[in-house]
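Tertiary structure, described
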Amino acid sequence: LCILSTPVLAQDAEEGPAPAWEVDAELVAATDYRFRGISLSGKNPALSGDLSVSHESGLYAGLWASNVSLGTGHTELEIDFYAGYATDVGGATFDVGALYYYYPGNDEFNYYELTSSVGTTVGPADISVGVAYAPSQGALGDDDNTYVYVSGEVPLGDMPLTLHGTFGYENGA
């Protein structure tokens, strides 16, 4: 998995106060797009991108997109819209948010999910634990779903590469 991340700032990198707003973009090339252990790219390579905007207050919003292969013949794209609020307390970051999973051309797959997590830095690694809850919706077979996880990432030296891993347990739809 290769992750290239480039922040795009509203001002030059001069000394001075940080900007109130920050825009970030990320491009990921992966051998397989797996979501909670299930291949959504048909076990084929996937290219995804993320574009987000955040404010110094902790509010953020963005969208993430990836190619998918769900066997429907007409759904080849997933677009996730997300928004939330994150704040630091001591050495921990608390985050609450919501996501909407959108599959153009197949509205019966669309659903939303509420999320929360707490994370911290240990050495060079960022580690977090969290929960995602999706209330009963048609795309989930009119059942709710809960996912709990631990996630971490660590930069690979001075290269613009990051190793990321997530372990979780899902119950429900």
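Values in this document were obtained by computation on a predicted structure and should not be read as measured data. (Residues numbered from 1 in each chain as written. Predicted model: local features only at pLDDT ≥ 70, side-chain atom pairs only at ≥ 80, totals over all residues. Heavy atoms only, no water.)

1. Quick notes on the overall build of the protein
Our working definition: Strands here mean DSSP runs of E at least two residues long; helices mean DSSP runs of H or I at least four residues long; both are numbered from the N terminus. For the exposure calls, accessible area comes from a 1.4 Å probe over protein chains only, and a residue counts as buried if that area is under 20% of its type's maximum, exposed if over 50%, partly exposed in between. Note on areas: these come from Shrake-Rupley sampling with a 1.4 Å probe, and a residue is covered only by the protein chains present in the view.
Within the protein one finds zero helices and twelve strands. Along its sequence from the N terminus, the protein presents helices and strands in the succession β-β-β-β-β-β-β-β-β-β-β-β. Residues counted as buried form 26% of the 173 residues belonging to the protein. A total of about 10,400 Å² of accessible surface is found on the protein, and carbon and sulfur atoms cover 61% of it.

2. So, the layout of surface pockets
Where empty space is left can be seen by rolling a probe of water-molecule size over the atoms. What counts is decided by this rule: Using a grid of 1 Å spacing that covers the protein atoms alone, one calls a set of points a cavity when a 1.4 Å probe fits there but cannot get out, and a pocket when the set is open and has protein on both sides within 12 Å along at least five of seven lines; lining residues are those with an atom within 4 Å of a point. Grid points are joined across faces, edges and corners, and a volume is the space filled by probe spheres set on the points. Note on residue classes: Ala, Val, Leu, Ile, Met, Phe, Trp, Tyr, Cys and Pro are nonpolar, Asp, Glu, Lys and Arg are charged, and everything else, Gly too, is polar.
If you add up the space inside the second largest pocket, you get close to 390 Å³. Lining of the second largest pocket is provided by 16 residues; of these, Phe35, Leu40, Tyr103, Tyr111 and Leu140 occupy positions nearest its centre. When its residues are assigned to classes, the lining of the second largest pocket shows eleven nonpolar, one polar and four charged.

3. Some words on the pattern of salt bridges
Keep this limit in mind: A carboxyl oxygen of Asp or Glu within 4 Å of a side-chain nitrogen of Lys or Arg is what we treat as a salt bridge.
Scanning all chains against the criterion turns up three salt bridges. For Arg36, the salt bridge goes to Glu170, with nearest N and O atoms at 3.2 Å. Here Arg36 is found in the loop between strand S3 (34-35) and strand S4 (38-39), whereas its partner Glu170 is found in strand S12 (residues 162-172), with 134 residues between them in sequence. A residue is classified by how much of its surface remains accessible, and Arg36, at 22% relative accessible area, is partly exposed. For Glu170, a relative accessible area of 36% gives the class partly exposed.

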